[in-house]
Amino acid sequence: MERGGIIKNDISKSPKTGDWAYSKPEVDKDKCIGCETCVQYCPDACIEMQTHNSQLTTDNKKQKKVADIDYDFCKGCGVCAQVCPVKAISMRK
Ligand code: SF4
Ligand code: SF4
């Protein structure tokens, strides 16, 4: 029977693709609804969900999970901006 495997990389040894990126995505953390679509589509797996204090709520203590991009490894492909259902990601040069 064939079995799958998980390859674990030592990220400290990975080339930092963000060094040569032409454009970079910026997340509007108040607009992000935390759906994680961008996390699933990012080809470099450089988006993680982080806790963020929402500015749009009247309750300042309310927190939510939003997309956070690791620019060391983002290559600026723009896929995340394309798939975000609420257009919370903008590409900047
Ligand atoms: S621009 Fe591309 S590599 Fe960078 S976070 Fe978005 S999907 Fe990932
Ligand atoms: S796809 Fe858009 S709304 Fe969903 S987590 Fe990513 S930035 Fe947030």
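What counts, and where the lines are drawn
- Residues numbered from 1 in each chain as written.
- Chains lettered and ligands numbered in written order.
- Predicted model: local features only at pLDDT ≥ 70, side-chain atom pairs only at ≥ 80, totals over all residues.
- Heavy atoms only, no water.
- pLDDT = per-residue confidence, 0-100.
- Helix = DSSP H or I, 4+ residues; strand = E, 2+ residues; numbered from the N terminus.
- Near = heavy atom within 4 Å.
- Nonpolar A, V, L, I, M, F, W, Y, C, P; charged D, E, K, R; others polar.
- Core = buried A, V, L, I, M, F, W, Y, C linked by side-chain atoms within 4.5 Å.
- Buried < 20%, exposed > 50% of the residue type's maximum accessible area, 1.4 Å probe, protein only.
- Contact = heavy atoms within 4.5 Å.
- Salt bridge = Lys/Arg side-chain N within 4 Å of Asp/Glu carboxyl O.

Engineer: Explain the confidence of the model for the chain to me, please; I cannot follow it from the model alone.
Structural biologist: Close inspection of predicted coordinates is inappropriate in any region flagged by low pLDDT. The predicted model of the chain has a mean per-residue pLDDT of 86, with 82% of residues at 70 or higher. The secondary structure element of the chain with the lowest average pLDDT is strand β2 (residues 47-53), at 91, and the one with the highest is helix α2 (residues 79-83), at 98.

Engineer: Quick question: what am I supposed to make of the site of ligand 2 here?
Structural biologist: In the vicinity of ligand 2, 13 residues are found, and the nearest of them are Cys32, Cys35, Glu36, Cys38 and Cys84. For the shell around ligand 2, the class distribution of residues is ten nonpolar, two polar and one charged.

Engineer: Please explain the site of ligand 1 as it appears in this structure.
Structural biologist: Close contacts around ligand 1 come from 14 residues, with Cys42, Cys74, Cys77, Gly78 and Cys80 the closest. For the shell around ligand 1, a count of residues per class yields ten nonpolar, two polar and two charged.

Engineer: Could you clarify how one ought to interpret the nonpolar core in this entry?
Structural biologist: Note that soluble globular proteins tend to have their nonpolar side chains buried in a common cluster. Of all hydrophobic cores here, the largest spans 17 residues; its most connected members are Val27, Cys38, Ile47, Ala67 and Ile89. Within the residue set of this core, elements represented by two or more residues are β2, β3 (63-69) and α2. In terms of residues, this core owes the most to one element, β3, which gives three residues. Not counting the four nearest positions on each side in its chain, isoleucine 47 is found in contact with Cys38, Val39, Cys42, Ala67, Asp68, Ile69 and Cys80.

Engineer: Would you take a moment to explain the pattern of salt bridges for this structure?
Structural biologist: Note that side chains of opposite charge can pair when their charged atoms are close. Scanning the model with the defined rule gives four salt bridges in all. Lysine 29 serves as the salt-bridge partner of aspartate 68, at 3.4 Å between the closest nitrogen and oxygen. Separated by 39 residues along the polypeptide, aspartate 68 in strand β3 and lysine 29 in the loop between β1 (24-27) and α1 (37-41) bring together distant segments of the chain. The class for lysine 29 is partly exposed, based on a relative accessible area of 27%. In this structure, lysine 75 engages aspartate 44 in a salt bridge whose closest nitrogen and oxygen atoms are separated by 3.8 Å. Of the two residues, lysine 75 is situated in the loop between β3 and α2 and aspartate 44 in the loop between α1 and β2; the sequence distance between them amounts to 31 residues.

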